[in-house]
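# Descriptive analysis of the structure
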Amino acid sequence: MTGTIFDIKKYSVHDGPGIRTTVFLKGCPLKCVWCHNPEGQRMSAEMMFFSDRCTACGTCVSICPNQAIVLEAGSSDMDRVHEIHTLREKCTACGACVEECPSGARETVGRVVTSDELIQEIMKDVVFYDSSGGGVTFSGGEPLLQPDFLLALLRECKEREIHTAVDTCGFVNWETLSAIVPYADLILYDLKCMDAGMHFELTGRRNEVILRNLICLSKTHNNVTVRFPLIPGINDNEENIVSTGEFLPSLRREGKSLRIDVLPYHKTGIGKYERLGRVYSIRDIPRPTDEMVHAVQERLRKLGLKTGIGG
Ligand code: SF4
Ligand code: SF4
């Protein structure tokens, strides 16, 4: 069994309890405007270009089999006489330029791995999981876009008694989501915005499937944590907070309400957009202040929800 991943983060403490290994699977059905992992959106491998490392030596221009790299005259206010441009529509992420660049200015994101390889990597840190109550988290992208691969990994972890968490946007069919229920100890479920039209504007998809799946999940899984990415001026308005606060308590199961964690917006992904040749459209949105984050958390708490920050 093979799948495509774009990163493995060791000693993570933000994606579930304890010390964790977070595995990032490639491919996502949404395109959130604030996404800090844009390299996880497409299913196939991509080439990242670090312009600050490039010396414009021109080696990659002659190597590229697709003529996807051009050397152009630099602008007058630049130190360099020439500058390099990648024509993204021609690039197949073949990796030839990555191999030959003497400055490490090019990297491939996305690689195919076997489930056995990945399990071996995960098992290297089992002592940390055991001592901290941690485990492994499958994130992305959207891990459920590779359902057979994810299921195989979850089953292997279950056999080895490793705690598992799945971080999902919920935009998958219920059959796919329900198949992981017996094998995932914790589901981290993103809830970005309650209004379907606004959800479409922000992510490229409406949210009916996401809300319906969360209702079904709350009836079949005992450990679901909802995650609310707080983006100032986008989804922090009173109407959205109140709609969220009214929707979640209705999902109570046997007296247990779902927990919601507020994830403050950050800008760590901006540089990746440039390296992938994409545009980051909400550059002017500020990070929320601590006061803002606590006010939203307090508002959700008053609406009867168990809440946390980060997580
Ligand atoms: S990854 Fe391959 S196709 Fe893309 S720019 Fe580099 S050499 Fe050309
Ligand atoms: S080989 Fe590397 S340093 Fe040379 S022009 Fe290409 S990206 Fe820049």
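Everything quoted here is computed from the prediction, not taken from an experiment.

## Some details on the domain arrangement of the protein chain
By a frequent convention, interface size equals the accessible area lost on bringing the separate parts together. Here the domain parsing of the protein chain yields domain 1 (2-43 + 111-309) and domain 2 (46-109). For domain 1 versus domain 2, the separation of C-alpha centres amounts to 34 Å. Taken residue by residue, the interface counts six residues in domain 1 and seven residues in domain 2. Among the residues forming the side of domain 1 that touches domain 2, the class breakdown is two nonpolar, one polar and three charged.

## Some details on the site of ligand 1
By nearness alone, 14 residues border ligand 1, and Cys-64, Cys-91, Cys-94, Ala-96 and Cys-97 come closest of all. Split into classes, the residues belonging to the shell around ligand 1 amount to ten nonpolar, four polar and no charged.

## Observations concerning helix α7 (residues 196-203)
Within the sequence span of α7, burial applies to His-199, Leu-202 and Thr-203. Buried residues along α7 cover an arc of 75° about the axis, so they all sit on one side. Turned more than 90 degrees from where α7 packs its buried face, Gly-197 and Glu-201 sit exposed. Gly-204 sits one or two residues past α7 and shows a positive phi near 90°.

Each value, and the rule that gives it
Residues numbered from 1 in each chain as written. Chains lettered and ligands numbered in written order. Predicted model: local features only at pLDDT ≥ 70, side-chain atom pairs only at ≥ 80, totals over all residues. Domains from an automatic or database assignment. Contact = placed C-beta atoms within 7 Å. Nonpolar A, V, L, I, M, F, W, Y, C, P; charged D, E, K, R; others polar. Near = placed C-beta within 6 Å. Buried ≥ 20, exposed ≤ 12 C-beta atoms within 10 Å, placed from the backbone. Helix = DSSP H or I, 4+ residues; strand = E, 2+ residues; numbered from the N terminus. Arc of directions from axis to C-beta.

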